[in-house]
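Fold and contact review
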Amino acid sequence: MKHIQNALMEALEEHGINDAPRIKRNFVRLCYLEHIQTNTHDKNDDSDDDENEDKNKNSSTNGSMEDVMKLIETLSKKSSKKSKKNINSVEFLKSVFSSLGNSLAVLIEQEEYLPFEPEEDTDVMNDHEDELEEEDIAEALCFMKACAQTLNAYLHGLCPTAGGAAVTDERKSSNSTKTKVVKTKTTKSKSSSSNHDTTVEIAVLDEALGIAELLHESLFNLSSVYNDTISNNKKNDKKEAELHQIGIETRNHISQLCQTWWRNLFYGRDLLVTQLVPLLLVKSLDGGAAQRDVQNMYEMRHALSLFDFDDDASISYLRSLLLRTASSPLYLRHTGSVTSNVGRKFIVHLFQLHESLVRDLHRAIRVQIPDAKMGVLQAYGDVYFQAWNVVQQNLKLRVNRSRFDSDDDDEKEDGANADNNPRNRNLYQNSIEEHVLQDLVYSSLHLAQSPMVASVRTLLQPFFRAKKTPEVDQLLYRMYSPILWRALKAVNPLVRVNACAILADTFPLRDPSAGPIQTEECLANSVKFVQSLLVDEDPRVRVAAADCTARILGSYWDALPSTDIRSILNCIITKLASDKSSAPVRAAAISAVTLMLEAPQTHAVLRALLPSIGNLIHDTSEKVRLTMVKMLLRIKKVKGIKFYHVVPVEHLLVRLAAEGQGSSNPTGGVASALTNLMQNSYFPQGDGVTGSEQVRRTLGFLVSHPLAAEVFYTNLSSHMSINSISKLAAMLLKCLSASVETEKKHVDMEQRAKKKTHRSSKKRKSSTKKQSKNGSVESDNDDDQSLSRGVEDEEESSASTTLIASNTALMASIAETICCLWESIGDSISERQNKACYEFLMDAFSGAVLTDVHTHFDEKANECVNDDESEESSSLKIQADCHRVCASLLRCAGRMPINAVVGLSNHLTTKLKHVKDDREDTNLAPHIALLCLWGKTDEVAVSLAKSISKVFGKSDIFSDENELAIMDESERHTRKRRQGGEAAVPSIPCLPASIALRVIGNILSGPDPSCIAARESILHSGVACNALFKSLEGAHRAAEKLLGINEINAHLFATADIELILTACESYGRLALHKQAATADEGMKLNDQAQTMMMWITNRVIPAFEHGRQELTPGIAELDISRISSVRSSMAPPGTIFTPQELDGSNEKRHSITFLNDGDVEEASVYAKASAISLVSSATIIFSEWLAVGGQGGNDIAFHATKWSDMLCLSSRDVQKDNSLPLARDELLPAFCRLAVQLVKCGINVDKLLQSILKSCDGIEEGGAEQCVVKKSVVAMLNIQAQKSCDNDVESNDIVPPIVELSKSYATSCDHEDVPDSADEFFDDEGCNPAVKTAFAAVCTNSFGCLALMNHLSRNVSKFIGDHGASADMPVGAAETIAFDLKCLIVLSSSTALSKGANGRKLKAEMQELRKKIKDYARSVVNKNKNEEMEAPLPFLTDVLSNMKSAIST
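Residue positions are given per chain, counting from 1 as you read along its sequence in written order. In keeping with the predicted nature of the model, local features appear solely for residues at pLDDT of at least 70, side-chain atom pairs appear and are counted solely at 80 or more, and the whole-chain, interface and lining totals rest on all residues. Heavy atoms from the whole structure form the basis of all side-chain values; hydrogens and water molecules are not counted.

Let us now look at the overall build of the protein chain. Numbered from the N terminus, helices here are DSSP runs of H or I no shorter than four residues, and strands are runs of E no shorter than two. In terms of helices and strands, the protein chain carries 64 helices and two strands. Only heavy atoms enter the contact rule, under which two residues are in contact if any of them lie within 4.5 Å. Sequence separation of at least 24 residues holds for 76% of the intrachain contacts in the protein chain that already meet a minimum separation of 6. The Shrake-Rupley method, run with a 1.4 Å probe, gives the accessible areas here. Residue values count only the displayed protein chains as cover. Roughly 67500 Å² of accessible area belongs to the protein chain as shown, and the carbon and sulfur atoms make up 49% of that amount.

In structure tokens, the structure reads:
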């Protein structure tokens, strides 16, 4: 050890104590580059070194930095002991630190550790004659690093904890060392809180402190040059990269030295924080910072008190860094336990530094609130609460300091260093309450945006949760009592809504220092406000009041008087739950009851009240129904209350069935919640439940309530495991197969009995057949009864004995249930973790089981066709059930490989071969879909194309058309599949043309899964699309000829041929749009071909309808329309999962021209007109669907549709010649109205189209279907515009003005003295257009329509007043116009929309303003012409003003 000491001194003194560069080099060489070898070891005179000498005895030591550090540390330990023997150690350390300090001072002064950057002007380079080499810079950095390590070793020798973990308790660390201490006063900061207290510090050598100051002064330069991010140029240069790394290490060692100096209370620590603190802050705020960086900053938090926060110029940079911590995710992160959240605790400490910093921190946090996530908001709330709580607790500590010792807790230690002056402590508390909490409290009541209010309430939640503590209770009373009661009575309903939530959070808002009398008064006052809010006129306030009431009753049930509880519950149950004006209020009432059920003390009272709201399970609002089911799920967990006592089971099942019908979503929230509610009843789980028990309950459910069962099993997978669903599907398939086998056995037995007993008479055979059928029906009823009792039956064989395939309704339900169970898990079962379930299903469904069952029911369906006419209804029902079974089985087969299903492909091709053209009930979509799923899409499309091309390509009627070119690509695909080892599928035969077109139509427009699957397969196959396009193009060429029909060639066209042409044209359009939607990358735009198609209809079809045969123009036959494409699904609402597969004839009969009979046709032009009607109807519907799925080109569609709507106007000559022709409007009017609604949804102006439609409907029947269509369409368009308008801005409304303009033509004349009381009296009885009258009435009954009408009338009246001033003379036209507008105002004044919500209030305000204008105008006219005799300034003036006044005051 002495040898190392001597070598160190020699290295430092070799060239003199003042030769700094040499000292630096020798010290660096000693520490890093050379080895000091010693063969002998001197004994140390100090007894404390005996142990070290024993370890080093007979061993060689490598002189390195580690040895030097050990030497310095050992000497430091000796210097800290009060012994004369240690004076030499002190002197030695002084000489070492003095030498190092001198060298370090020169190095830092000349900035030798920084790379030299020459200026552009080379003449200025006088200070540096020679550029520093990189080795010199590295040597300087190594010297600085060595100095920092030397001081760290010295500090560790003085205080052993200095080199270890951070010391968090300063007194504890100072008391743990037996070193010499001194008492110093902190004088660096004006805002320091320790001006009157002393801090115990550990004495150090002045030379060591001098070195530390020099190193500390270099931190900013080192951080700016050697930062953590290195440029690409330095990365490429190895030497520069190494130099950069040395600089980073040097900076880190110096930073660690300064932190150690501060944490362990060494003398002069306040001199080492001015550059350290900003550096640590910047590092902790960097993107690559770690939690340790935040911990380092937290340990230096008390150093912030040394900065002068009153000097804005010097503290601005540090202040900005401190404010950034409030938005740093690293500081706000929750790290597990409360004590480890050092980032949040650091921000809490900032609230105790300076009053101005409190305001700045709150502003920084407030900026983050609008976009902050819930976790960040909770962190801010915790920071605010802890900041206030620490100051509050410190006040208590100051008061009790004479009796209690200061606590060792970390948060108390924060307060001990924050401000020991009670006046200043109150200053910080007042600052937090006035500048932070008071702002949050006011914002929680008066903000308009609901998300912002919720965010502010989240910040205040820690205070609300701690309300039971007296200090927090007193704080909330001080903050809220002056403003909450006023907010509850505010005029603005949003303020009342916010106040309701705060009332529940702060209830009871009382002064904890007051007595019980004041508390009772507070409770009574709060209950009074709650009761008034429950009947508030604004529904939003009633919703908030219901939630507030539930929270109060649930928490303070026992503290409130029973009379008040009874009154509140009566209001919620009888009034709010039956509020027909607002569905959210009804839902809020149910939610309030659900919330009250969380408190056990409410169950006894609510048990008797709950059945009175059970009928809300059938509410028209889905939100109310869902809330009701959630309440039932909560009741299910409550002991003593049964959910089926609140809502009977029959009502639940009816509701479940209704959720799967109409526009309801069978997999929506209500259906899923009901499934969860009744899961244990119809699909029990548990150790004691067997599979046969589950099957019996399933079959019983399917028999008793098949519609509800469909929805139930559709949603079952959301609440059960995939394994359970797979097992149930397999068990149901076994039941289905067993039923088929049972029926086959019964049939065999019946046939044998018939052969033995009825061989002689054919008549007796037929009577026996009828008796057997009656017997089978009776047995089916018995089966249903036994299945309904299957829930209690424990015999496992009962299911197999009662099931028989003759009960086709049950078989169809079972098959569809199997299909929907598999489809519900179809996306999940293919995942790797569910491989076992997938293999289980494959094993259960593979083989010939699907083929056998499908074949059986297919044959049964075919047998029903040949039954007697007397049994036609029952036969059709059985046939439909068999089709459902077959379609479901085919959908299941589509999820399996073709090799797994034995014989089914041959059966399908055989069926397709024997399809007859006269079978209108044939639905082949499931068969085609299965073939497509099995990879036969191209073959199917080519087969359908061949079938169609035979009609449009080779028939005698259209002999001039070319035959469709069949693509060879499909054959190549077929050969590839055969080479791949797949099962060979027989070639797909050609179908009759009518059947092929029907199949294509079903696939393109059908909503059931089979059609969707086939459609997707065809659209994603280029071969299939091209084949169908080319085959359907012939239909457009045929349509060209059909439009040019005359008496010469009329005999060539039959009605069936026309139907084929029109159906093919519609299918072409649908296929084109579907293809465009499927392949569009950026927006579904109408290309040139689609626009040319619209022009063809406009320029060719419409003239053909109006004028008969005209010269042919370039038609659609010359277009390349194969690139026009379409949409995935039609506008029709999706059907249920169990869509019956029989056809209702809607698709087939669309183009069967029902208003044409062969015997009634006298002119061939009627054929052309009828065809034109069907073509326009198809185009209108197709383009409506295109817009519905997001297609573009609405302006072009609206332009052409306006011209197409002329077809609605039939001339009187056409009506007289053929009375059945106007019935075509029944088909066209709904199509045009539907298109208009879709255009409004897309934001397209439809004023011209709407006027054209309304003009064309002159003569429609009052109260008929057409009038209903017009009314619904106008209301729908108004509602759409109301939703699209920002804040119900009606300036851009284009629905009301055209209706008003048309109404002006049919309204009573201005000379009519009678004042209209309603829209019906507004029009003349004779010659009035019923469609216009209906549209105007719809506007007057719609809230947004009335607002738009008021806006339109206000503009007209204001314009009239501005144009005529106070003149009493008016032109005739102007008089009629103003009379019409004032009549409209009279009708509008009697509208019921004046009392409907926000639009009603806006309507009243605008009406009041317009009334004032009219009144002022009339007064000015009278005053100007008072000497002249004149009539009233305006027509109907008195009636207008009185009606408007009455409407405003209503």
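There is more to say, and it comes next.
Let's shift gears to the side chain of Q392. Position of Q392 among the secondary structure elements: in helix α18 (residues 374-399). Among residues more than four places away in sequence, those in contact with Q392 are Q429 and E471.

Next up on the list: the packing of aromatic side chains. Only Phe, Tyr and Trp rings take part, Trp by its six-membered ring, and two of them pair if their centres are within 6.5 Å. Stacked means planes under 30 degrees apart, edge-to-face means over 60, and tilted covers everything else. Applying the stated criterion across every chain yields a total of 18 aromatic pairs. Judged by centre distance (5.2 Å) and plane angle (75 degrees), the rings of F97 and Y154 are edge-to-face. Of this pair, F97 sits in helix α5 (residues 87-109) while Y154 is found in helix α6 (residues 134-158), placing the two residues 57 residues apart along the sequence. When the centroid spacing of 5.4 Å and the interplanar angle of 75 degrees are considered together, the rings of F643 and Y644 count as edge-to-face.

Across the nine residues that make up helix α16 (residues 342-350), a large majority, nine, are buried. Among the residues of α16, V342, G343, R344, K345, F346, I347, V348, H349 and L350 are the ones counted as buried. Relative accessibility decides the category of a residue: with a 1.4 Å probe and only protein chains considered, values under 20% of the type maximum give buried, values over 50% give exposed, and everything between is partly exposed.

Now for the confidence of the model for the protein chain. Every residue is assigned a pLDDT by the predictor, reflecting its confidence on a scale from 0 to 100. Of the residues in the protein chain, 70% reach a pLDDT of 70 or more, and the chain-wide mean stands at 75. The least confident element of the protein chain is helix α7 (residues 170-175), whose mean pLDDT is 37; the most confident is helix α28 (residues 583-596), at 95. This model gives residues 14-18 a pLDDT under 50, and the stretch forms eight contacts once residues within four places in sequence are excluded. Throughout residues 164-198 the model reports pLDDT below 50, and contacts reaching past four residues in sequence, or to other chains, amount to 65 contacts.

The next subject is the packing of helix α8 (residues 206-217) against helix α11 (residues 238-263). Whenever a helix is involved, its axis is fitted only over the stretch in contact; in every case the axis is a line through C-alpha atoms, and angles between N-to-C directions fall within 0 to 180 degrees. It is the contact of α8 with α11, at a shortest axis distance of 10 Å, that shows an interaxial angle of 130 degrees. The pairing of α8 with α11 is recorded here as oblique in orientation. Handedness of the crossing formed by α8 with α11: left-handed. Here A208, L209, A212, L215 and H216 of α8 lie close against α11, whose contacting residues are I254, L257, C258 and W261. Small angles under 35 degrees read as roughly parallel and large ones over 145 as roughly antiparallel, with 65 to 115 read as roughly perpendicular and the rest as oblique. Crossings are assigned a handedness: left-handed for a near helix turned anticlockwise from the far helix by less than a right angle, right-handed for a clockwise turn.

In this structure, F351, Y480 and M631 are the most contacted members of the largest nonpolar core, which totals 392 residues. A per-element tally of this core places α6 first, with 13 residues. Filtering out sequence-adjacent residues up to four positions away, F351 remains in contact with V358, L361, I365, V383, Y384, A387, Y428, I432 and V436. Take the buried Ala, Val, Leu, Ile, Met, Phe, Trp, Tyr and Cys residues and link them wherever side-chain atoms come within 4.5 Å; each set so joined is a nonpolar core.

To characterise two packed helices, one gives the angle between the axes of the helices and the distance between these axes. Between helix α44 (residues 904-913) and helix α45 (residues 925-933), whose axes approach to 11 Å, the crossing angle comes to 135 degrees. What the angle tells us is that α44 and α45 run oblique. Pair α44 / α45 crosses with left-handed handedness. Only H927, L930 and L931 of α45 make contact with α44, whose side of the interface consists of L904, L908, K911 and L912.

A word on unusual backbone geometry. Following F507, the chain continues into P508 via a peptide bond in cis, with omega recorded as -10 degrees. In the Ramachandran plot, E111 falls in the positive-phi region, its phi being about 55 degrees despite a non-glycine side chain. By the element assignment, E111 lies in the loop between α5 and α6. On the basis of relative accessible area, E111 is assigned to the partly exposed category, the value being 40%. Positive phi is not limited to glycine here, since L265 has a value of about 60 degrees. On the secondary structure map, L265 appears in the loop between α11 and α12 (276-285).

Here S99 lies in helix α5. The buried category is assigned to S99, whose relative accessible area is 2%. From its side chain, S99 meets the backbone oxygen of S95 in a polar contact 2.9 Å long. Here a polar contact is recorded for every N or O atom pair within 3.5 Å, except that within protein the pair must consist of a potential hydrogen donor and a potential acceptor, and residues adjacent in sequence are included only if both atoms are side-chain atoms.

Let's shift gears to the pattern of salt bridges. Salt bridge, as used here, is a side-chain nitrogen of Lys or Arg placed within 4 Å of a carboxyl oxygen of Asp or Glu. In the structure shown here, the tally under the stated rule is 35 salt bridges. The salt bridge partner of R478 is E433, with a shortest N-O separation of 2.7 Å. On the criterion of sequence distance, the pair formed by R478 in helix α22 (residues 470-480) and E433 in helix α20 (residues 422-446) is long-range, its members being 45 residues apart. On the basis of relative accessible area, E433 is assigned to the buried category, the value being 7%. Here R540 and D538 are joined by a salt bridge, their closest N and O atoms 3.1 Å apart.

Now for the environment of V629. Tracing the backbone through its elements, the reader meets V629 in helix α30 (residues 622-636). By relative accessible area, V629 is classed as buried at 0%. Separated by 15 residues in the primary sequence, V629 and G614 have C-alpha atoms spaced 9.9 Å apart. Residues in contact with V629, not counting those within four places in the same chain, are I617, V670, A673 and L674.

Another point: helix α33 (residues 669-677). For α33, the tally of buried residues reaches seven of nine residues, placing the bulk of the element in the interior. Regarding α33, the residues found buried are V670, A671, S672, A673, L674, T675 and L677. Buried residues in α33 make contact with α30, α31 (643-646), α32 (649-658), α34 (679-682) and α36 (706-715).

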